[in-house]
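# Chains, contacts and geometry: an overview
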Amino acid sequence: GGALGIVLERVDAVALDAVPPLSAHHTGWIVRHLARALAVLHGAGLVHRDVKAPNVLLTAHFFEAPHEAGTVRLIDLGIAAKQGGTRLTRQGSVI
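To start, this report covers the structure provided alongside it. Not measured: the values here are computed from a predicted model. (Residues numbered from 1 in each chain as written. Predicted model: local features only at pLDDT ≥ 70, side-chain atom pairs only at ≥ 80, totals over all residues. Heavy atoms only, no water.)

To continue, consider the nonpolar core. Val19, Trp29, Ile30, Leu34, Leu41, Val56, Leu58, Phe62, Val72 and Leu74 together form the largest nonpolar core, which totals 10 residues. Counting residues per element, the ones that place at least two in this core are helix 1 (24-43), strand 3 (56-59) and strand 4 (72-74). The element best represented in this core is helix 1, accounting for 4 residues. Setting aside its immediate chain neighbours within four residues, Phe62 contacts His26, Trp29, Ile30, Thr71 and Val72. (Core = buried A, V, L, I, M, F, W, Y, C linked by side-chain atoms within 4.5 Å. Buried < 20%, exposed > 50% of the residue type's maximum accessible area, 1.4 Å probe, protein only. Helix = DSSP H or I, 4+ residues; strand = E, 2+ residues; numbered from the N terminus. Contact = heavy atoms within 4.5 Å.)

We now examine the layout of surface pockets. Approximately 200 Å³ is the volume found for the largest pocket. In terms of residue class, the lining of the largest pocket is built from 5 nonpolar, no polar and 2 charged. (1 Å grid on protein atoms, 1.4 Å probe; cavity = no way out; pocket = protein on both sides within 12 Å on 5 of 7 lines; lining within 4 Å. Points joined across faces, edges and corners; volume = space filled by probe spheres on them. Nonpolar A, V, L, I, M, F, W, Y, C, P; charged D, E, K, R; others polar.)

In spatial order, the strands read 1-3-4; together these 3 strands make up an open sheet with antiparallel pairing. Looking at strand neighbours, the two that pair on one side only are strand 1 (13-15) and strand 4, the edges of this open sheet. Between one strand axis and the next, the sheet turns by 30 degrees as a mean value, whatever way the strands run. Note that strand 1 and strand 3 share 3 bridges and pair antiparallel. Residue pairing across strands places Ala13 opposite Thr59, the latter belonging to strand 3. Contacting strand 3 and strand 4, helix 1 runs over the sheet at an angle of about 40 degrees to strand 4. (Pairing = 2+ DSSP bridges. Axes fitted to C-alpha atoms, helices over the stretch in contact; angles between N-to-C directions.)

Summed over all chains, the structure comprises 1 aromatic pair. For the ring pair Phe62 and Phe63, a centre distance of 5.3 Å and an interplane angle of 80 degrees mean the geometry is edge-to-face. Among the residues examined, Phe63 registers a relative accessible area of 37% and is labelled partly exposed. In this structure, Arg32 is placed above the aromatic ring of Trp29, and the distance from its NZ or CZ to the ring centre is 4.5 Å. (Phe/Tyr/Trp six-rings, centres within 6.5 Å; stacked < 30°, edge-to-face > 60°. Lys NZ or Arg CZ within 6 Å of the ring centre and 35° of its normal.)

To continue, consider the side chain of Thr59. By the element assignment, Thr59 lies in strand 3. Once you skip the residues sitting within four places of it in the chain, Thr59 turns out to touch Val11, Asp12, Ala13, Gly70 and Thr71.

What follows covers unusual backbone geometry. At Arg49, a residue that is not glycine, the phi angle is positive and equals roughly 75 degrees. Mapped onto the elements of the fold, Arg49 is located in the loop between strand 2 (46-47) and strand 3. Look at Asp76: it is not a glycine, yet its phi comes out positive at around 65 degrees. Along the chain, Asp76 turns up in the loop between strand 4 and strand 5 (81-82).

See the structure below:
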């Protein structure tokens, strides 16, 4: 009788692979933000398993204030898995 759904935040951003080359300053902040995001996931016992440029979003505000939290977003946890869990993929396989 109930409904099941999911609510996602709409983020006005551009994927990392769609921006021109960035300065060392901006790149450093992207790495810091991603390291923090991965630390949170790992702290929760999860492994992202698909960290790549299309899965990193930069908000418009990132270019003005790269140090601010939330300006870099790690997305697409579609194949995330528990640390030490059952292996979900094998070399040469497709999900």
